[in-house]
Amino acid sequence: MSGGPYGIEDTVPTLGPGMTLVLLVLTPIFWSLPVALVMAELAGAMPDEGGYVTWTRRAFGPRWAFMVGWWSWIDSFVDVAVYPALFVEYLRFWRPEMTSGERWLLVVVFIVALTGLNLLGVRPTGHVTVVLAVLALLPVAALTVAALAVPRTVPWEPLAPTGQGLEALGLGLAVLMWNYSGWDTPTTVLGETHAPERAFRVASFLTLPVLAAAYLLPMGASLATGVLEWDKWTTGSLPVVAEAVGGHWLGHAVAAGAVVSTAGLFSSLLLTNSRLPYVLARDGLMPSGLAAVHPRFGTPWAAILVSAALYAAFAVFSFKELIVLNVWLYSLSLLVELAAFVWLRLRERSQQD
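A closer look at the pattern of salt bridges
Considering all chains together, one arrives at seven salt bridges under this definition. Close ionic contact of R57 with D283 constitutes a salt bridge, the shortest N to O distance being 2.3 Å. Separated by 226 residues along the polypeptide, R57 in helix α3 (residues 52-60) and D283 in the loop between α12 (275-282) and α13 (301-314) bring together distant segments of the chain. We classify R57 as partly exposed; its relative accessible area is 24%. Judged by relative accessible area, which is 33%, D283 ranks as partly exposed. Of the charged contacts in the structure, one is a salt bridge between D283 and R282, with a shortest N-O distance of 3.6 Å. A relative accessible area of 42% places R282 in the partly exposed class. Each of the salt bridges in this network shares a partner with another, and the network as a whole consists of R57, R282 and D283.

Re the side chain of S267
Here S267 lies in helix α11 (residues 248-273). Excluding residues that lie within four positions of it along the chain, S267 makes contacts with L114, L117, N118, T125 and T129.

Observations regarding the packing of aromatic side chains
Using the criterion set out here, one finds 11 aromatic pairs in the structure. Ring geometry for W70 against W73: centres 6.1 Å apart, planes inclined by 55°, an arrangement best described as tilted. Of this pair, W70 and W73 both sit in helix α4 (residues 62-79), three residues apart, which is roughly one turn of the helix. Look at W70 and you get partly exposed, because its relative accessible area is 31%. The interplanar angle of 70° and the centroid separation of 5.1 Å between the aromatic rings of W73 and F77 together place this pair among those described as edge-to-face. Note that W73 and F77 are positioned in helix α4 at a spacing of four residues, about one turn of the helix. Comparing W73 with F77, the two get one shared label, buried. An aromatic cluster of at least three residues, connected via ring pairs, comprises F66, W70, W73, F77, F87, F110, F266 and Y311.

Observations regarding the packing of helix α7 (residues 122-148) against helix α10 (residues 237-246)
Packing of α7 against α10 brings their axes to within 10 Å, and their N-to-C directions diverge by 50°. The angle between the axes of α7 and α10 places the two elements in the oblique class. The interaxial crossing formed by α7 with α10 has left-handed handedness. The segment α7 lies against α10, with L143, A146 and A147 engaging L238, V241, A242 and V245.

As for a nonpolar patch on the surface
There is a patch of nonpolar side chains on the surface, built from V22, V25, L26, I29, F30 and L159 and spanning about 540 Å² of accessible area. Inspection of the secondary structure puts I29 in helix α2 (residues 17-45). Classification of I29 by relative accessible area gives partly exposed; the value is 45%.

Let's talk about the packing of α11 against α12
Contact geometry of α11 with α12 gives a least axis separation of 5 Å together with a crossing angle of 10°. One finds that α11 runs roughly parallel with respect to α12. For the pair formed by α11 and α12, the contact residues are L271, T272 and N273 on the first element and R275, L276 and P277 on the second. Tallied by class, the residues present in the contact of α11 with α12 amount to three nonpolar, two polar and one charged.

Criteria and thresholds
- Residues numbered from 1 in each chain as written.
- Predicted model: local features only at pLDDT ≥ 70, side-chain atom pairs only at ≥ 80, totals over all residues.
- Heavy atoms only, no water.
- Salt bridge = Lys/Arg side-chain N within 4 Å of Asp/Glu carboxyl O.
- Helix = DSSP H or I, 4+ residues; strand = E, 2+ residues; numbered from the N terminus.
- Buried < 20%, exposed > 50% of the residue type's maximum accessible area, 1.4 Å probe, protein only.
- Contact = heavy atoms within 4.5 Å.
- Phe/Tyr/Trp six-rings, centres within 6.5 Å; stacked < 30°, edge-to-face > 60°.
- Axes fitted to C-alpha atoms, helices over the stretch in contact; angles between N-to-C directions.
- Parallel < 35°, antiparallel > 145°, perpendicular 65-115°, else oblique.
- Left-handed = near helix turned anticlockwise from the far one by under 90°.
- Patch = residues over 30% accessible without salt bridge, like charges linked within 9 Å, V, L, I, M, F, W, Y side chains within 5 Å.
- Areas by Shrake-Rupley, 256 points an atom, 1.4 Å probe, with all protein chains shown as cover.
- Nonpolar A, V, L, I, M, F, W, Y, C, P; charged D, E, K, R; others polar.

Structural data, given as structure tokens:
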């Protein structure tokens, strides 16, 4: 779901410090919570491999199941490619003069290494991802404590930039919605999960408050330090603030946490999104080759490799270019998933009556 507040920095100059903090509180309530509740209910009722693709098939038939799976997979080309892009942006903390050739080489190494991990299966990928999540959040916690010790300004002023246009507002909202989205994504591996009916529900309800705190507290504390003017914030600003308030060690730790965060998120999203072409191919809705399963590890290796190659191709774009397109594509498939939930609710209830 999340690897910490890395990537939120771009919202500060576009939305303003005050509006960024306000939306960090409101977005999980009005955007994340309803979707999380829907997915938890469906996961408990139908804990099947493919998740929302399977649920859409039951509600609307194979055509719409294919559409929602296809749209989601296309969306993942953009969504998952964000993380190699963020990976190299945070590496600029140590090498600001990075060339385009070096950037592409680092992206390829990043994707190849994490694709190899995914080929080993759900369990090793999950274990590594949990470790990476802890390593990503520890520096954020240290930054929050260090920043709270040296407050110099009111973090929510100004509320919004003077003369803010709709384009800037749209970019800021897209970044925040992206950070609070993805509650449907883990459902695609329910068939490979132990006790999915309970595990998914508990994980969702624990994640939402932790996620909101992991965004709001470090961002508010960092803005309150005043060490970086709010209109100078951009992707990679958190390590700069950390270095200013906690010294070189904290700056390096937060930058390393960001790099680790992108690795964990890419790995987990490659895991969940690669199941989309696998499930569709298994049901005869995509080329059968994508349904190939590794004889030793039991992983859909063909779907994983094809997905990883496409993510590498899209990683040439910048974070800002990818994020807006991602939110639009994600919202399209999410509307169908929510419609399937409503239809199943009405139909199943009427059949019981």
